[in-house]
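# Close look at the chain arrangement
For reference, the chains in residue letters:
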Amino acid sequence: MTVQRRVSLGLDIGGTNIDVALVDADDGSVSYYGKFSRHTYTVAEALKIEPVRRYVESARRVMLSTSRVLNTFLETKLPSTSLVLAPGPGLPPPRSLAEECIVIEGYVDPRGIVLEDVDVKEIVRALERKAMESIAIVTKFSIRNPILEQRILEAACRVMPRERIAVSHKIPFLDYRRRAATTVLTAKLKPVLHDLVRELGSWLKKLYLIKGDGGAQPLELAVENAALALGSSQASIVIGVQAVLGSVTGVIVDVGGTTIDVVPIASGESQLTTLHFRDADTYIVVPRFESIVAGGDCSIAVVDGRGRVVPRRAGVPAAFGGEQATVTDALNYALELSIGDHVRSRRVIRELARKHGVDPRDLAQGVVEDVVSKVVGLVRKTGCCGPIIAAGYLGKHVAPLIAKECGVGCIVPEHYHVLNAIGAAATSFSLEVGIYYDGVDGKAVFTPSGRVIEAKKRFIDKGDILEMAREELIGIARRLDAEDLVGDIEVVHYDSLTVVKERVPQGMVAHCIIRAKPKAMIRVRR
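Presented here is a report on the structure given in the accompanying data block.

What counts as what
- Residues numbered from 1 in each chain as written.
- Predicted model: local features only at pLDDT ≥ 70, side-chain atom pairs only at ≥ 80, totals over all residues.
- Heavy atoms only, no water.
- Helix = DSSP H or I, 4+ residues; strand = E, 2+ residues; numbered from the N terminus.
- Rg over C-alpha atoms; globule rule 2.2 N^0.38 Å.
- Buried < 20%, exposed > 50% of the residue type's maximum accessible area, 1.4 Å probe, protein only.
- Pairing = 2+ DSSP bridges.
- Axes fitted to C-alpha atoms, helices over the stretch in contact; angles between N-to-C directions.
- Contact = heavy atoms within 4.5 Å.
- Parallel < 35°, antiparallel > 145°, perpendicular 65-115°, else oblique.
- Left-handed = near helix turned anticlockwise from the far one by under 90°.
- Nonpolar A, V, L, I, M, F, W, Y, C, P; charged D, E, K, R; others polar.
- Core = buried A, V, L, I, M, F, W, Y, C linked by side-chain atoms within 4.5 Å.
- Phe/Tyr/Trp six-rings, centres within 6.5 Å; stacked < 30°, edge-to-face > 60°.
- Lys NZ or Arg CZ within 6 Å of the ring centre and 35° of its normal.
- Right-handed = clockwise from strand over helix to strand, strands pointing away.

## Describing the overall build of the chain
Of the regular secondary structure elements, the chain holds 14 helices and 27 strands. Its C-alpha atoms give the chain a radius of gyration of 25 Å, within 12% of the compact-globule value 24 Å for 526 residues. If you line up the chain on its principal axes, its C-alpha atoms span 90 × 65 × 45 Å. Across the 526 residues in the chain, those meeting the buried criterion constitute 59%.

## Re the sheet that holds strand 27 (residues 504–516)
Strand order in this open sheet of five strands is 25-24-23-27-26, and the pairing throughout is antiparallel. Each edge of the open sheet carries a strand with a single partner, namely strand 25 (452–454) and strand 26 (489–501). On average, each strand axis in the sheet is tilted by 15° relative to the strand beside it, whichever way the strands run. In the packing of helix 14 (residues 462–479) onto the sheet, contacts are made with strand 23 (432–438), strand 24 (443–447), strand 25, strand 26 and strand 27, and the angle to strand 27 comes to roughly 40°.

## A look at the packing of helix 11 (residues 360–382) against helix 12 (residues 395–406)
In the contact formed by helix 11 and helix 12, the axes pass within 9 Å of each other and the chain directions differ by 60°. Put simply, helix 11 runs oblique to helix 12. Handedness of the helix 11/helix 12 crossing: right-handed. In this structure, helix 11 contributes Val368, Val372, Val375, Val376, Val379 and Arg380 to the contact, and helix 12 contributes Leu401, Ile402, Glu405 and Cys406. A breakdown of the residues in the contact of helix 11 with helix 12 according to their chemical character gives eight nonpolar, no polar and two charged.

## Some thoughts on the nonpolar core
Counting 56 residues, the largest nonpolar core has Leu83, Leu185 and Leu230 as its most contacted members. Aside from chain neighbours lying at most four places away, what touches Leu83 is Pro94, Leu97, Ala98, Glu100, Cys101, Ile102, Ala136, Val138 and Val184. The next biggest cluster of nonpolar side chains, apart from the first, holds 43 residues, and it includes Ala330, Leu331, Ile388 and Ala403.

## Here we look at the packing of aromatic side chains
Tallied over the entire structure, the rule returns four aromatic pairs. Here Phe36 and Tyr41 contribute two aromatic rings whose centre-to-centre distance is 5.9 Å and whose plane-to-plane angle is 90°, an arrangement assigned as edge-to-face. On the accessibility criterion, Phe36 (10% relative accessible area) is buried. A centroid spacing of 6.4 Å and a plane angle of 65° characterise the contact between Tyr107 and Phe141, whose relative ring orientation is edge-to-face. Remark: Phe141 occurs in the loop between strand 9 (134–139) and helix 5 (147–156) and Tyr107 occurs in strand 7 (residues 107–108); sequence separation between them is 34 residues. When sorted by exposure, Tyr107 lands in the same class as Phe141, which is buried. The residue whose ring lies beneath Arg54 is Tyr55, and the NZ or CZ to ring-centre distance is 5.4 Å.

## Digging into the pairing of strand 9
In terms of burial, strand 9 is largely enclosed, as six of its six residues are buried. Pairing of strand 5 (residues 81–86) with strand 9, which is carried by six bridges, proceeds in the parallel orientation. By the bridge assignment, Thr81 is partnered in strand 9 with Ser134. Both strand 9 and strand 10 (residues 165–167) contribute to a ladder of three bridges, which runs parallel. Within the sheet, the bridge partner assigned to Ile137 lies in strand 10 and is Val167. Once you follow strand 9 into helix 5 and on to strand 10, the crossover reads as right-handed.

Right, dumping it as structure tokens:
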């Protein structure tokens, strides 16, 4: 009898390249890897090239990381947003989070009881007057009872496509100001992932997206919390290094086509940091990293007689058929490399040098030194003194120069050029699940599913609450065909209190959040 081996297909969509890696989950071998230029192929076209098409069609899941969401956040004007907010009594509403804030009546109390309903007709009229490009819906205690947000959503769908509307009750945390900031950002970024869904629609059911914490979620689920995909590419490369090198400490220098990312890690893990948006905390976590626009496709120029990198993409390097000299071409000349058409690289460097009356070797060397100097500054900014870990298609050539300037060692891992895709293939399922247990009212509400069940006990042990949350998380993973991807489960938050009336305990109220912790589920064989 033939035993079918378990394989995982990782895909990384960068600004310049599409990387693919097929990893055997049983023995850790990388049976295929490939790199496709986005100058030549769309993502859908790259996935139709043999043998990639065969792997995609036969794979149980395709694990996807991308820099698209982060690049959109950093480089483009985001869509305008109407924040529909039902804050109830208390602090002033956070109006500055969106271009327009529509404060409405309606209130769910801390125990999920609707004390005041919303006026659907008034919400529709207000949204029609504002004419924004996206909508974020937030009510204060929606994770205790999402009914008001669901009614507002029905109203909002009359004036806006669902793909441009975000709701906050999918986030299991209580702080509604942080949920509001996260939801506004999700509303602005959802179209990016919906474009990806449209592009890859025929494979949608098997596509998983790597989030900023390094874990994976089905793309259909991830779209609803699109902002959590910020840092997807940086997180996947951390998992990739973890899968290939184990619990290493150092600084990853990922040299891509557009940017060079610097990611410090300790014992194989990055330091996660909370993203801020419009002076507000969010519930979005990303790896701590520094970045500079100085990758292989970036323009170069002569400034004061020396070659310098220009923080702008030139397009295709001359080495790959482009017309302009780029950082890749300067590396070819200065380091005597043979990347692509190195003869063409040398020709465009000589032409640029002749135009400015400088020596071509000095020009190329100046560009390399400028790139190295800028990256060294970012490495020192991290405060990490470990070795430099090379990543990205130019990492093998650039990382040793940076390590030398920093006075540290350099590690060039096997498969350094597709570490993002390997990290995507190797990672685990990631999801935060919340449960609000009210023994007085006899209900338990789960987040993000919104499922409500009967709370049969007025008083319940912490262990039983945690087990209910764990069963909910595993149940979601099972329905999504991802139970085998669930790694360690950790408790993120727990609090409880006893409700007392006329000195008589009535029951217990508890709030618990657990998380499937991201980690490398596959150790790549060297």
